[in-house]
Amino acid sequence: MVSFAIPAMARPLLLPQPGRGPIERQCPIRVVSVHLLGTAGQLLRVLFLDREGHISGQPHPMARPEALILAANQRRVLGPQARVQVL
């Protein structure tokens, strides 16, 4: 009989990252925020993206993989005029 159980010592060690707790890395729900920047890089406004990629004033929760893809696409579209983050 072959066992495929992973012993506790063989599991990858999750090291804490600044600003991120273990629960945040595992949460399947994310929100995509768009920080509109002025010419000098100052923050003008914070907005959010919905599932279709439309900018909104309210946060829209979505699945983590969907949020990461949407954020990557919006970074390409908006370029340096905005900072897109997955929260």
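As the structure is a computational prediction, the values presented were derived from the model and not from experiment.

Draft legend 1. Focus on the pairing of strand β3 (residues 43-49). By the bridge criterion, 6 bridges tie strand β2 (residues 32-37) to β3 in an arrangement that is antiparallel. The partner of H35 across the bridge, within β3, is V46. Counted along the chain from β2 to the antiparallel partner β3, the turn is 5 residues long, and its residue G41 has a positive phi close to 90°. Two strands pair when backbone bridges link them, and β3 and strand β4 (residues 55-56) are joined in this way by 2 bridges, in the antiparallel orientation. In the strand pairing of β4, F48 is matched with S56. Once β3 ends, the chain turns through 5 residues before running back antiparallel as β4, passing G53 with a positive phi of about 90°.

Draft legend 2. Representation of helix α2 (residues 64-78) in the model. Here α2 spans 21 Å end to end across 15 residues, near enough to the 21 Å set by a 1.5 Å rise per residue. Taken as a whole, α2 has its buried residues at A67, L70, A71, Q74 and L78. Buried residues in α2, looked at end-on, bunch into an arc of 105°, giving them a common side. Facing away from the buried side of α2 by more than 90 degrees, the exposed set consists of P65, I69 and R76. Taken together, the buried residues of α2 touch β1 (29-30), β2, β3, β5 (62-63) and β6 (82-86). Note on α2: the residue one or two positions beyond its end, G79, has a positive phi of about 60°.

Draft legend 3. Representation of the pairing of β6 within the structure. Burial of β6 is one-sided: the residues A82, V84 and V86 facing one way are buried, the residues R83 and Q85 facing the other way are not. Pairing geometry for β2 and β6, over 5 bridges, is antiparallel. Bridging from a neighbouring strand, H35 pairs with R83 of β6.

Draft legend 4. How the structure looks around the pattern of salt bridges. Within this structure, the stated rule accounts for 1 salt bridge. The salt bridge involving R51 is made with E66; its shortest N-O contact spans 3.0 Å. Here R51 is found in the loop between β3 and β4, whereas its partner E66 is found in helix α2, with 15 residues between them in sequence. By relative accessible area, R51 is classed as partly exposed at 46%.

Cut-off values and rules
Residues numbered from 1 in each chain as written. Predicted model: local features only at pLDDT ≥ 70, side-chain atom pairs only at ≥ 80, totals over all residues. Heavy atoms only, no water. Pairing = 2+ DSSP bridges. Helix = DSSP H or I, 4+ residues; strand = E, 2+ residues; numbered from the N terminus. Expected span 1.5 Å × (residues − 1). Buried < 20%, exposed > 50% of the residue type's maximum accessible area, 1.4 Å probe, protein only. Arc of directions from axis to C-beta. Contact = heavy atoms within 4.5 Å. Salt bridge = Lys/Arg side-chain N within 4 Å of Asp/Glu carboxyl O.

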